[in-house]
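For reference, the chains in residue letters:
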Amino acid sequence: MGGLARRAALIDSRRTVPGEGTVRLLIAGPYELLDIEEGKSPAAKAPKVIGEAFAALGYDALMLTPGDVAVLGGTLPKSLAPWAMTPGKVATRTLNRQGLSIGLVFFPEQEKPGERPSDKGMGDVQAEALRLRPKVDVVIGVSPWGAEAEQVFLDRFSIAPAFDVLLGGGLGQGNRGKLAAGGATAWLRPYTKGKSVHVVRLENIPKRQPQAHAKSEADVRFEVIALDEKITADRAMDLLLSPARGTH
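Definitions and limits used
Residues numbered from 1 in each chain as written. Predicted model: local features only at pLDDT ≥ 70, side-chain atom pairs only at ≥ 80, totals over all residues. Heavy atoms only, no water. Helix = DSSP H or I, 4+ residues; strand = E, 2+ residues; numbered from the N terminus. Buried < 20%, exposed > 50% of the residue type's maximum accessible area, 1.4 Å probe, protein only. Areas by Shrake-Rupley, 256 points an atom, 1.4 Å probe, with all protein chains shown as cover. Axes fitted to C-alpha atoms, helices over the stretch in contact; angles between N-to-C directions. Parallel < 35°, antiparallel > 145°, perpendicular 65-115°, else oblique. Left-handed = near helix turned anticlockwise from the far one by under 90°. Contact = heavy atoms within 4.5 Å. Nonpolar A, V, L, I, M, F, W, Y, C, P; charged D, E, K, R; others polar. Pairing = 2+ DSSP bridges. Core = buried A, V, L, I, M, F, W, Y, C linked by side-chain atoms within 4.5 Å. Phe/Tyr/Trp six-rings, centres within 6.5 Å; stacked < 30°, edge-to-face > 60°. Arc of directions from axis to C-beta. Polar contact = N/O pair within 3.5 Å; in protein donor to acceptor, adjacent residues only side chain to side chain.

1. A short note on the overall build of the protein chain
Scanning the protein chain from terminus to terminus reveals six helices and 10 strands. A burial count over the protein chain gives 44% of its 248 residues as buried. Here the protein chain has roughly 12300 Å² of accessible surface; of this, 52% comes from carbon and sulfur atoms.

2. As for the packing of helix H2 (residues 47-57) against helix H6 (residues 235-245)
The N-to-C vectors of H2 and H6 enclose an angle of 165 degrees; their axes lie 9 Å apart at closest approach. Between H2 and H6, the crossing angle belongs to the class labelled roughly antiparallel. Judged by the twist between their axes, the crossing of H2 over H6 is left-handed. Counted together, Val 49, Ile 50, Glu 52, Ala 53, Ala 56 and Leu 57 of H2 and Met 237, Leu 240, Leu 241, Pro 243 and Ala 244 of H6 form the full contact between these two elements. When grouped by side-chain class, the residues that make up the contact of H2 with H6 number 10 nonpolar, no polar and one charged.

3. Brief notes about the sheet that holds strand E4 (residues 100-106)
Spatial ordering of the open sheet is given by E3-E4-E5-E6-E8-E7, a layout of six strands whose pairing is mixed. If you trace the sheet from one side to the other, it starts and ends with strand E3 (91-97) and strand E7 (175-180), each paired once. Between one strand axis and the next, the sheet turns by 20 degrees as a mean value, whatever way the strands run. Sheet topology places E3 next to E4; seven bridges connect them, and they run antiparallel. Each residue of the ladder has a partner; that of Thr 92, found in E4, is Val 105. Strand contacts of helix H4 (residues 119-132): E3, E4 and strand E5 (138-142), with the helix running at about 170 degrees to E4, the strand carrying the most contacts.

4. Focus: the nonpolar core
If you look at the biggest cluster of nonpolar residues, it comprises 42 residues, and the most contacted ones within it are Leu 33, Leu 57 and Phe 106. Top contributing element to this core by residue count: H2, with five residues. The contacts of Leu 57, once residues within four sequence positions are left out, are Leu 4, Arg 7, Ala 8, Ile 11, Arg 15 and Met 237.

5. A closer look at the packing of H4 against helix H5 (residues 147-156)
One way to put it is that H4 packs onto H5 with a least axis distance of 11 Å and a crossing angle of 65 degrees. Crossing handedness for the pair H4 and H5: right-handed. Residues Asp 119, Met 122, Val 125 and Gln 126 of H4 touch H5, and the partners they reach there are Val 152, Phe 153 and Arg 156. Looking at the contact of H4 with H5 residue by residue, the classes come out as four nonpolar, one polar and two charged.

6. Thoughts on the environment of Ala 160
Along the chain, Ala 160 turns up in the loop between H5 and strand E6 (165-167). Overall, Ala 160 belongs to the partly exposed group, its relative accessible area being 31%. With 22 residues separating them along the chain, Ala 160 and Gly 182 place their C-alpha atoms 9.5 Å apart.

7. Considerations on the packing of aromatic side chains
A full pass over the atoms with the stated rule returns seven aromatic pairs. When the centroid spacing of 5.9 Å and the interplanar angle of 65 degrees are considered together, the rings of Phe 153 and Phe 163 count as edge-to-face. Taken together, the positions of Phe 153 in helix H5 and Phe 163 in the loop between H5 and E6 put the pair 10 residues apart, joining distant regions of the chain.

8. Description of H2
Those residues of H2 that sit buried are Val 49, Ile 50, Gly 51, Ala 53, Phe 54 and Leu 57. Where H2 terminates, the next one or two residues include Gly 58, which has phi positive at roughly 70 degrees.

9. A look at the environment of Leu 64
Within the secondary structure, Leu 64 sits in the loop between strand E2 (61-62) and helix H3 (66-72). For the pair Leu 64 and Ala 84, spaced 20 residues apart in sequence, the C-alpha separation works out to 4.8 Å.

10. Digging into H6
Among all positions in H6, only Met 237, Leu 241 and Ala 244 are buried. Viewed end-on, H6 has its buried residues packed into an arc of 20 degrees, placing them on one side of the element. Seen from the buried face of H6, the exposed residues on the opposite side, beyond 90 degrees, are Arg 235, Ala 236 and Leu 239. Where H6 starts, the residue carrying a side-chain oxygen 3.2 Å from the main-chain nitrogen of Ala 236 turns out to be Asp 234.

Here you go:
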């Protein structure tokens, strides 16, 4: 619970208006509420409170897998409902920020966490990304597939990459961030238990290209911020979470 209060403080500190020409986007990935490694969810002890807490974080975009939604059940806040994913379906959203058009592609949750996606499943995701590619400036994928499956996907379409960024999730090792798919895609994966926040910064974004272009190290910057005692917990979030702490 303390991690959420620190995350709220970090997010609030980053909400300051960025410099001219800079666009900031806050995205929450899959399995924020469901611990698939242990097959349980601390959030299930106080779903209403945790749902309100995630709504209060004010993300620009989220991926609530069917498993995450099941944890909240009938307590899903209205502001989170648009981000609840349909089982087995690729979902897309388009956001516009300061003249920059951003396409989001949400990979469908697999029936079994970490299993290899089917050729059709990978093809469906790639097709949606390619459909968005000419219409937007940046294409971001959000995946619950796990490290191995994401690597398979990136290798499969490395000749015709469609994603500028792939935000991984699910089983497997986290990474600070690296260039994949022949240098076209910035791929990053979270570390365990939500104890850190990843930041990826893209420079020299190409405008509405038919496919992603290879990036150099100068085009991408990765950062991982630990949610430790150096970040003071947000008081409002701390107060919001206090009823959930009382259930332990």
